[in-house]
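# Geometric and topological summary
One-letter residues, chain by chain:
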Amino acid sequence: MADNARALRLAGTIKKVVARALETEIKDPRLGFVTVTDVRVTGDLQQASVFYTVYGGDEERAGTAAALASAKGRLRTLVGRELGIRLTPTLEFHLDAVPETAASLDKALYEAHQRDAELARLRENAQYAGDADPYRHPAEPEGDDESDEPSR
């Protein structure tokens, strides 16, 4: 069983090698504007999951996924040369959902901001249905007990 620090080191190296190879060595026209966002290596160092994002729409994502699938063997060879370990991990490519999640969070925050602004506009002219302070308060004592003058 490999230690976690080694797996993290290998993941960082794989990320760099794959990103550099996608930029310089893989010349597939289907490959879009790709960013390698993360790499996770299993504890036994046998499999590496490469997470990526693609700038563009569904057509660019599909083309990039096909290009990465066809270049998987070449990328694994490059990773194996760079790592110099006995067994080169297999590479699995996963489209990262971070941009879509961020977009949905931005949309939800914008809607919440709009609702808050609407509520603030409604509060400007609002009036209480009853008293401003609906709670009972104990009656104030009669006379000033705190004064130093004797009462007559």
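Residues numbered from 1 in each chain as written. Predicted model: local features only at pLDDT ≥ 70, side-chain atom pairs only at ≥ 80, totals over all residues. Heavy atoms only, no water.

Before going further, it helps to examine the overall build of the protein chain. A tally of helices and strands in the protein chain yields four helices and three strands. Walking the protein chain from its N terminus toward its C terminus, one meets helices and strands in the order α-β-β-α-α-β-α. (Helix = DSSP H or I, 4+ residues; strand = E, 2+ residues; numbered from the N terminus.)

Inspection of the secondary structure assignment puts Glu 59 in helix H2 (residues 58-70). Residue classification places Glu 59 among the exposed residues on the basis of a relative accessible area of 69%. Measuring from C-alpha to C-alpha, the distance between Glu 59 and Gly 32 comes to 9.7 Å, with 27 residues separating the pair along the chain. (Buried < 20%, exposed > 50% of the residue type's maximum accessible area, 1.4 Å probe, protein only.)

The next thing to look at is helix H3 (residues 72-83). What sets the pattern is the α-helix's 3.6 residues per turn: residues three or four places apart point alike. For H3, built from twelve residues, the straight-helix expectation of 16 Å at 1.5 Å per residue is met to within 8% by its first-to-last C-alpha distance of 16 Å. Here H3 has its buried residues at Leu 75, Leu 78, Val 79, Gly 80 and Leu 83. Where H3 is buried, its residues contact helix H1 (4-24), H2 and strand S3 (90-95). Immediately beyond the C-terminal end of H3, within one or two residues, lies Gly 84, with a positive phi of roughly 70 degrees. (Expected span 1.5 Å × (residues − 1). Contact = heavy atoms within 4.5 Å.)

Right, let's get into the pattern of salt bridges. If you walk through the whole model with that rule in mind, you get five salt bridges. A salt bridge links Arg 74 to Glu 25, with the shortest nitrogen-to-oxygen separation between them at 2.9 Å. Of this pair, Arg 74 sits in helix H3 while Glu 25 is found in the loop between H1 and strand S1 (33-41), placing the two residues 49 residues apart along the sequence. By relative accessible area, Glu 25 is classed as partly exposed at 40%. Between Arg 30 and Asp 28 there is a salt bridge, with the nearest N and O atoms lying 2.8 Å from each other. (Salt bridge = Lys/Arg side-chain N within 4 Å of Asp/Glu carboxyl O.)

Quick look at the pairing of strand S2 (residues 47-55) now. When you tally the buried positions in S2, you get seven out of nine residues, the bulk of the element. In this structure, the hairpin formed by S1 and S2 is closed by a connection of five residues, where Leu 45 is found at a positive phi of approximately 60 degrees. Bridge count between S2 and S3: six bridges; the pairing is parallel. Opposite Ala 48, over in S3, you have Leu 91 as the bridge partner. (Pairing = 2+ DSSP bridges.)

Core analysis: the biggest nonpolar cluster contains 28 residues, and Ile 14, Val 18, Leu 22, Val 39, Leu 75, Leu 91 and Phe 93 have the highest contact counts within it. Elements that contribute at least two residues to this core include exactly H1, S1, S2, H2, H3 and S3. If you tally residues by element for this core, the top one is H1, at eight residues. In contact with Val 39, not counting residues within four places along its chain, are Ala 11, Ile 14, Lys 15, Ala 48, Ser 49 and Val 50. (Core = buried A, V, L, I, M, F, W, Y, C linked by side-chain atoms within 4.5 Å.)

It is worth spelling out the sheet that holds S1 at this point. Taken together, the three strands give an open sheet; going across it, the order is S1-S2-S3, and neighbouring strands pair in mixed fashion. The open sheet has two free edges, formed respectively by S1 and S3, since each of these has just one partner strand. Sheet twist, expressed as the average angle between the axes of neighbouring strands with direction ignored, equals 30 degrees. The strands that H1 touches are S1, S2 and S3; relative to S1, the one it contacts most, it runs at about 160 degrees. (Axes fitted to C-alpha atoms, helices over the stretch in contact; angles between N-to-C directions.)

Residue position: Thr 53 is located in strand S2. Take Thr 53: its relative accessible area is 15%, and that puts it in the buried class. For Thr 53, the contacting residues outside a window of four places in its chain are Phe 33, Val 34, Thr 35, Thr 37, Leu 95, Asp 96 and Pro 99.

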